[in-house]
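Residue-level structural notes
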Amino acid sequence: MSHDPTAAPAIDDVRVSLGARSYTVRVGRGLIARAGAEIAPLLRRNRVCVITEATVAELQLDGLRTGLAEGGVAMEALILPAGETTKSWRYLEQAVEWLIAQKVERGDVVVALGGGVIGDLVGFAASILRRGVRFVQIPTSLLAQVDSSVGGKTGINSPLGKNLIGAFHQPSLVLADIDALDTLPARDFLAGYGEVVKYGLLGDAAFFDWLDANAPAMAAGDKALRQEAVRHSVRMKADIVERDETEQGDRALLNLGHTFGHALEAATGYSDRLLHGEGVAIGCLLAFDLSARLGLCSQEAPERVAEHLARMGMKRTLSDIEGDLPGRDGLIALMGQDKKVQDGTLRFILARAIGDSFVTADVPRAALAELLDEALAG
Ligand SMILES: NC(=O)c1ccc[n+]([C@@H]2O[C@H](COP(=O)([O-])OP(=O)(O)OC[C@H]3O[C@@H](n4cnc5c(N)ncnc54)[C@H](O)[C@@H]3O)[C@@H](O)[C@H]2O)c1
């Protein structure tokens, strides 16, 4: 058989096996353009309600409408404002009341079209509407494709903290369309990449090596590499979620870099000063630095991580964050809000090597203080 270089590359299917809550994450090009054929098999009647946000609506909603119509599926759409503040009670209420006004029934399917903000909000709305309706994720940011659309964590922010209100509610299908990433701003792409590199660092040294060789071309736009990076990341997340759906153990490894990252996000007011994935990348490097200080891994490991982030043009140290940060004690206090805190004790994800991480509560305060003092001194 001759190879046709113009043929569309195959779609990769990643199965998330969770018994009755199992589903497939489809990764590939052109999935939005044929969303109707993809989603129709799930439907009892040929109509879906789509919730999205303004930026993504401008770029993707017409394509989705056409793609659904080609599969014989009609849609209604609600367009919310873009941005993290949409993950709030106010817009949750608006979304749920709109779905009720649209007469969404128990057997219907709600579609989330957008980044992690929309996926988390719409997933939560679906989980509480009529005590739970099915939903389909169409993630349009890299972060949402590799992380937030998989695993069933849904929710909104409280004025007192991020992601404090929510539910586990697995989607029925995820369509990760690599073409949607074409319009993603470079900064958001690299922030999403922070979560991709996290997978290599936490559990797969060979994947880190692959990224070290291929990520610059991927960031520059190579779609086959993007598809492979998303597929591999989703497979890794699915494996961990299958072992520990509700985060009683192993799922905490996915929080590599997040104890530091969340504290930095809080310190910068969840603003544009630091995107979530940027905080994760800085946090991963701090976690490797701390691991080396504690003699858990070689000094070479954090050096390799730092070199990689530098080559990708990513933020990697506290001095890369514009504006003032709280001092060492302020940052440690913010870490105390982390969801991994148990009985008042901070828990960290540390590493024995690139690709070999573990959860521990055994971090002497002096080592943490020394790490942060040096990081803050730049
Ligand atoms: N549920 C989970 O397991 C999980 C995991 C990680 C992060 N999250 C959550 O995800 C959120 C962050 O996700 P995010 O980074 O996708 O944020 P986001 O949804 O705000 O998207 C980031 C930016 O990219 C824009 N955008 C999205 N797709 C685009 C496209 N195709 N073209 C152009 N612009 C596009 C958005 O308008 C926004 O400005 C946070 O709220 C975080 O808490 C959830």
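Check the entry above for the structure.
Residues numbered from 1 in each chain as written. Predicted model: local features only at pLDDT ≥ 70, side-chain atom pairs only at ≥ 80, totals over all residues. Heavy atoms only, no water.

Two numbers describe how helix 3 (residues 89-101) lies on helix 4 (residues 116-128): the axes approach to 10 Å, and their chain directions differ by 55°. With respect to helix 4, the axis of helix 3 lies oblique. The element helix 3 and its partner helix 4 pack so that their crossing is right-handed. On helix 4, the residues touching Tyr91, Leu92, Ala95, Val96 and Leu99 of helix 3 are Leu121, Phe124, Ala125 and Ile128. For the contact of helix 3 with helix 4, the class distribution of residues is nine nonpolar, no polar and no charged. (Axes fitted to C-alpha atoms, helices over the stretch in contact; angles between N-to-C directions. Helix = DSSP H or I, 4+ residues; strand = E, 2+ residues; numbered from the N terminus. Parallel < 35°, antiparallel > 145°, perpendicular 65-115°, else oblique. Left-handed = near helix turned anticlockwise from the far one by under 90°. Contact = heavy atoms within 4.5 Å. Nonpolar A, V, L, I, M, F, W, Y, C, P; charged D, E, K, R; others polar.)

Under the counting rule described, the total for this entry stands at two cavities of 30 Å³ or more. The volume enclosed by the largest cavity comes to roughly 40 Å³. Lining the largest cavity, in full, are Asn255, Leu256, Gly257, His258, Thr259, Phe260, Ala287, Phe348 and Ile349. For the lining of the largest cavity, the secondary-structure elements that each account for two or more residues are helix 9 (258-267) and strand 10 (348-353). Considering every element that reaches the lining of the largest cavity, the biggest residue donor is helix 9, with three residues. Of the residues that constitute the lining of the largest cavity, the class distribution is five nonpolar, four polar and no charged. Put simply, the second largest cavity is a space of about 30 Å³. Every residue along the wall of the second largest cavity is listed here: Phe260, Ala263, Leu264, Leu286, Leu318, Leu331, Met335 and Leu372. Listed by contribution, the elements that provide at least two residues to the lining of the second largest cavity are helix 9 and helix 12 (328-335). (1 Å grid on protein atoms, 1.4 Å probe; cavity = no way out; pocket = protein on both sides within 12 Å on 5 of 7 lines; lining within 4 Å. Points joined across faces, edges and corners; volume = space filled by probe spheres on them.)

Below, the discussion takes up the site of the ligand. Around the ligand, 25 residues are found, and the nearest of them are Glu53, Gly116, Thr140, Ser141 and Thr183. Glu84 has a polar side-chain atom sitting 2.9 Å from an oxygen atom of the ligand. Expressed as a share of its isolated accessible area of 860 Å², the protein-covered part of the ligand is 87%. Elements with a contribution of two residues or more to the shell around the ligand: helix 2 (54-70), helix 4, helix 5 (142-148) and strand 8 (161-168). When its residues are assigned to classes, the shell around the ligand shows eight nonpolar, eight polar and nine charged. (Near = heavy atom within 4 Å. Polar contact = N/O pair within 3.5 Å; in protein donor to acceptor, adjacent residues only side chain to side chain. Areas by Shrake-Rupley, 256 points an atom, 1.4 Å probe, with all protein chains shown as cover.)

Taking strand neighbours across the sheet as the criterion, the seven strands line up as 1-2-9-6-5-3-4 in an open arrangement whose pairing is mixed. The open sheet has two edge strands, strand 1 (12-16) and strand 4 (74-80), and neither has a second partner. On average, each strand axis in the sheet is tilted by 20° relative to the strand beside it, whichever way the strands run. Pairing analysis gives five bridges linking strand 2 (residues 23-28) to strand 9 (residues 173-177), with the strands arranged parallel. Each residue of the ladder has a partner; that of Arg26, found in strand 9, is Leu175. Of the strands in this sheet, strand 3 (47-53), strand 4, strand 5 (109-114) and strand 6 (134-139) touch helix 2, which is tilted by about 160° from strand 3. Sitting on the sheet, helix 4 touches strand 3, strand 4, strand 5 and strand 6, and the angle it makes with strand 5 is about 165°. (Pairing = 2+ DSSP bridges.)

What the second largest pocket holds in volume is close to 210 Å³. In this structure, the second largest pocket is lined by 13 residues; those nearest its centre are Leu286, Asp289, Thr317, Glu374 and Ala375. Breaking the lining of the second largest pocket down by element, the ones donating at least two residues are helix 10 (276-293) and helix 13 (365-377). Here the lining of the second largest pocket takes five residues from helix 10, the largest share from any one element.

For the structure on display, the rule yields 33 salt bridges. Of the charged contacts in the structure, one is a salt bridge between Arg21 and Glu245, with a shortest N-O distance of 2.6 Å. Residue Arg21 is located in the loop between strand 1 and strand 2, and its partner Glu245 is located in the loop between helix 8 (223-243) and helix 9; the two are separated by 224 residues in the primary sequence. On the basis of relative accessibility, which here comes to 43%, the residue Arg21 falls in the partly exposed class. (Salt bridge = Lys/Arg side-chain N within 4 Å of Asp/Glu carboxyl O. Buried < 20%, exposed > 50% of the residue type's maximum accessible area, 1.4 Å probe, protein only.)

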